[in-house]
Amino acid sequence: MNPLVIAYSALVLGIVSEVIGSSLLPETQQFTKLGPTAAAIASFVVALFFLSHALKLIPLGVTYAIWCGVGIVLTTIVSVQVYRTQLDLPAVVGIILIICGVLVINVFSKTVGH
């Protein structure tokens, strides 16, 4: 299998793990609930494990831009769907700009190894 595909797969798994951990934070009730706290911490450890593997081939700046952009979008979706967060227009515009930034990096940057 192509090593770059493996690196991007690790990045996706890391992002998903980080979103799970972040989404569990409200359930920890400031780390007073053992189950959700343990699950959140485990999710963050798994996320960093996969992130470290993605960094073998994808440059740090690019990896982190993708990590943040996709993580923000997915965490926002969870927040809206699970916690019924209401987004105003500036929040939506900001998220769209983040998505555009990730796309510009991945489509046009020579830093990304395609």
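As a starting point, this report considers the structure included with it. Everything numeric in this text was worked out from a predicted model, so none of it was measured.

1. Some details on the overall build of the protein
If you tally the helices and strands in the protein, you get 4 helices and 0 strands. In sequence order, the secondary structure elements of the protein are arranged as α-α-α-α. The buried share among the 114 residues of the protein stands at 28%. On the protein, roughly 7,100 Å² of surface is accessible, and the fraction owed to carbon and sulfur atoms is 75%.

2. Comments concerning the side chain of E18
Positionally, E18 belongs in helix 1 (residues 3-28). Buried charge without a salt bridge: E18, with R84 as the nearest opposite-charge side chain at an N-O distance of 20 Å. Discounting chain neighbours no more than four positions away, the residues touching E18 are S43, F44, A47, W67 and G71.

3. Quick look at the packing of helix 1 against helix 2 (residues 34-54)
Put simply, helix 1 and helix 2 touch, their axes get as near as 7 Å, and they point 160 degrees apart. By the angle class used here, helix 1 and helix 2 are roughly antiparallel. Where helix 1 crosses over helix 2, the handedness of that crossing is left-handed.

4. A look at the nonpolar core
Counting residues in hydrophobic clusters, the biggest one holds 13 residues, and the most contacted among them are L11, I15, A54, I58, I66 and W67. Among the elements of the structure, helix 1, helix 2 and helix 3 (60-83) are those that each provide at least two residues to this core. With 5 residues, the single largest contributor to this core is helix 1. W67 has contacts with L11, G14, I15, E18, A47 and L51, leaving out every residue within four places of it along the chain.

5. Topic: the environment of V107
Within the secondary structure, V107 is located in helix 4 (residues 89-108). Taking relative accessible area as the criterion, V107 reaches 54% and is therefore assigned exposed. V107 sits 16 residues away from A91 along the chain, and the two C-alpha atoms are 24 Å apart.

6. Overview of the packing of helix 1 against helix 3
Direction vectors running N to C along helix 1 and helix 3 enclose 40 degrees, while the axes themselves pass 9 Å from each other. Here helix 1 lies oblique to helix 3, going by the angle between them. Remark: the crossing between helix 1 and helix 3 carries right-handed chirality. On helix 3, the residues touching Y8, L11, G14, I15, E18, V19, S22, S23, P26 and E27 of helix 1 are T63, I66, W67, V70, G71, L74, T75, V78 and Y83. Looking at the contact of helix 1 with helix 3, its residues break down into 11 nonpolar, 6 polar and 2 charged.

Rules used throughout
Residues numbered from 1 in each chain as written. Predicted model: local features only at pLDDT ≥ 70, side-chain atom pairs only at ≥ 80, totals over all residues. Heavy atoms only, no water. Helix = DSSP H or I, 4+ residues; strand = E, 2+ residues; numbered from the N terminus. Buried < 20%, exposed > 50% of the residue type's maximum accessible area, 1.4 Å probe, protein only. Areas by Shrake-Rupley, 256 points an atom, 1.4 Å probe, with all protein chains shown as cover. Lys, Arg positive; Asp, Glu negative; His and termini not counted. Salt bridge = Lys/Arg side-chain N within 4 Å of Asp/Glu carboxyl O. Contact = heavy atoms within 4.5 Å. Axes fitted to C-alpha atoms, helices over the stretch in contact; angles between N-to-C directions. Parallel < 35°, antiparallel > 145°, perpendicular 65-115°, else oblique. Left-handed = near helix turned anticlockwise from the far one by under 90°. Core = buried A, V, L, I, M, F, W, Y, C linked by side-chain atoms within 4.5 Å. Nonpolar A, V, L, I, M, F, W, Y, C, P; charged D, E, K, R; others polar.

The values are spatial; any link to function lies outside them.
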